[in-house]
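One letter stands for each residue in the lines below.
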Amino acid sequence: MGETGVGKVAIVTGGTRGIGAAIVRRLLAEGYAVATCGRTAPEEPIGVDGRTAEFEACDIRDPAAVAGWIEALVARHGRIDLVVNNAGGSPQAEAATASPRFSERILQLNLLAPLHVAQAAYPYLKAASGSIVNIASVSGARPSPDTAIYGAAKAGLLSLTTSLAQEWGPEVRVNAIIVGLIETETAEMTYGTRAAQERIAASLPLGRMGRGSDIAEAVVFLGSPAAAYISGAKLEVHGGGERPLFLEIVKEEAGKA
């Protein structure tokens, strides 16, 4: 595809580890100047081939903090071409006992924060005919037991994506990536033992879980001129999707017959 981001500026929320860091590195390789944020700075700057991303501590749940971060960024660079709303996540919590404070914070991080960032960046994206890529999840497109409020927030993010695409076109394109099961440095916390991860990988049509680089490639595409007529899309990057449980039950019961 070549370096599609030369002279352009991208921001990536939560870009210090996992999927976010992979996105940052890929955008740097495309020639973008990249700024990222998080609650704490990484031990080492996120970079590739001698180019590094700018980092600023910012609580993206705070609209005032977001506005300050965006204004300072534009003062340095003069423009914003691409926003990647990547920050998010949730620990497991049973819906029957999750506290109101817990639910509110998960909703703020996964739905309201992307809106705050999009709103703050909108005037600059409009001027640059830029785009937004929201990092959503399969949890927002199918039931999400034990992370119900997270799934609801990600479903809301998908709805927000299509609504903003309608409101902000033609100057700003807005798309979402529905992320499947991904291997990261915290995979054990999410998917269990190595043996469990191997079984999960084998159950997927493409025979493996996703990698941060898979999501990063999708981000580069959606932010590039190759996606000039794509807006309001929900791009599924999930290796073919999870196999329905009932099929395994049918197979197991047939084997007993």
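Anything mentioned here points back to the structure above.
Once a new chain begins, its residue numbering starts again from 1 and follows that chain's sequence as written. Reporting of local features is limited, given that this is a predicted model, to residues whose pLDDT is at least 70; pairs of side-chain atoms are given and counted only at 80 or more, and all residues count toward the totals for whole chains, interfaces and linings. Hydrogens are left out, water is left out, and the side-chain values use all remaining heavy atoms of the structure.

1. Quick look at the side chain of T13
Our working rule: Segments assigned H or I by DSSP are reported as helices when at least four residues long, segments assigned E as strands when at least two residues long, and all are numbered from the N terminus. Burial here depends on accessible area, computed with a 1.4 Å probe over protein chains only, as a share of the maximum for the residue type. Under 20% is buried, over 50% is exposed, and the range in between is partly exposed. Any pair of N or O atoms that falls within 3.5 Å is considered a polar contact. Within protein, one atom must be able to donate a hydrogen and the other to accept it, and sequence-neighbouring residues count only if both atoms are side-chain atoms.
By the secondary structure assignment, T13 is in strand β1 (residues 9–13). With relative accessibility at 1%, the residue T13 sits in the buried group. Here the side chain of T13 touches N86 through a polar contact of 2.9 Å, landing on its backbone nitrogen. Separated by 2.9 Å, the side chain of T13 and the backbone nitrogen of A87 make a polar contact.

2. Focus: the nonpolar core
Definition in use: Working definition of a nonpolar core: buried Ala, Val, Leu, Ile, Met, Phe, Trp, Tyr and Cys residues. They are joined through side-chain atoms within 4.5 Å. Residue contacts follow a heavy-atom distance rule, with two residues in contact if any of their heavy atoms lie within 4.5 Å.
In terms of nonpolar packing, the biggest core is built from 35 residues, with I11, I60, I70, I80, V83 and I132 touching the most fellow members. Of all the secondary structure elements, the ones that give two or more residues to this core are β1, β2 (33–38), α2 (63–77), α3 (100–128), β7 (131–137), α4 (148–168) and β8 (173–179). Excluding its chain neighbours within four sequence positions, the residues that come into contact with I60 are T13, C37, V66, A87, L109, A113, H116 and V117. One finds V24, I46, I177 and L222 within the second-largest nonpolar core, a separate group that totals 26 residues.

3. Remarks on unusual backbone geometry
Cis geometry is adopted by the peptide bond preceding P170, which originates at G169 and carries an omega value of 5 degrees. For P170, the location among the structural elements is in the loop between α4 and β8. Despite not being glycine, S129 has its phi angle at roughly 50 degrees, a positive value. By secondary structure assignment, the location of S129 is in the loop between α3 and β7.

4. Digging into the pairing of strand β6 (residues 82–85)
Stated formally: Strand pairing is assigned whenever DSSP identifies at least 2 bridges connecting the two strands.
The alternating pattern of β6 places L82 and V84 on one face and V83 and N85 on the opposite face, and all of these are buried. One ladder, built from three bridges, connects β1 with β6; its direction is parallel. Bridge pairing in β6 links V12 to V84. Alignment of β6 against β7, held across four bridges, turns out to be parallel.

5. Some details on the pattern of salt bridges
Side chains that differ in sign of charge can pair as their charged atoms come close. Where we set the bar: The salt bridge definition used is simple: a Lys or Arg side-chain nitrogen within 4 Å of an Asp or Glu carboxyl oxygen.
What the rule picks out here adds up to eleven salt bridges. A salt bridge links E54 to R76, with the shortest nitrogen-to-oxygen separation between them at 2.7 Å. Residue E54 is found in strand β5 (residues 54–57), and its partner R76 is found in helix α2; the two are separated by 22 residues along the sequence. A salt bridge links D214 to R208, with the shortest nitrogen-to-oxygen separation between them at 2.9 Å. For R208, a relative accessible area of 30% gives the class partly exposed. Overlapping salt bridges, with partners in common, bring together R26, E30 and E217 in one network.

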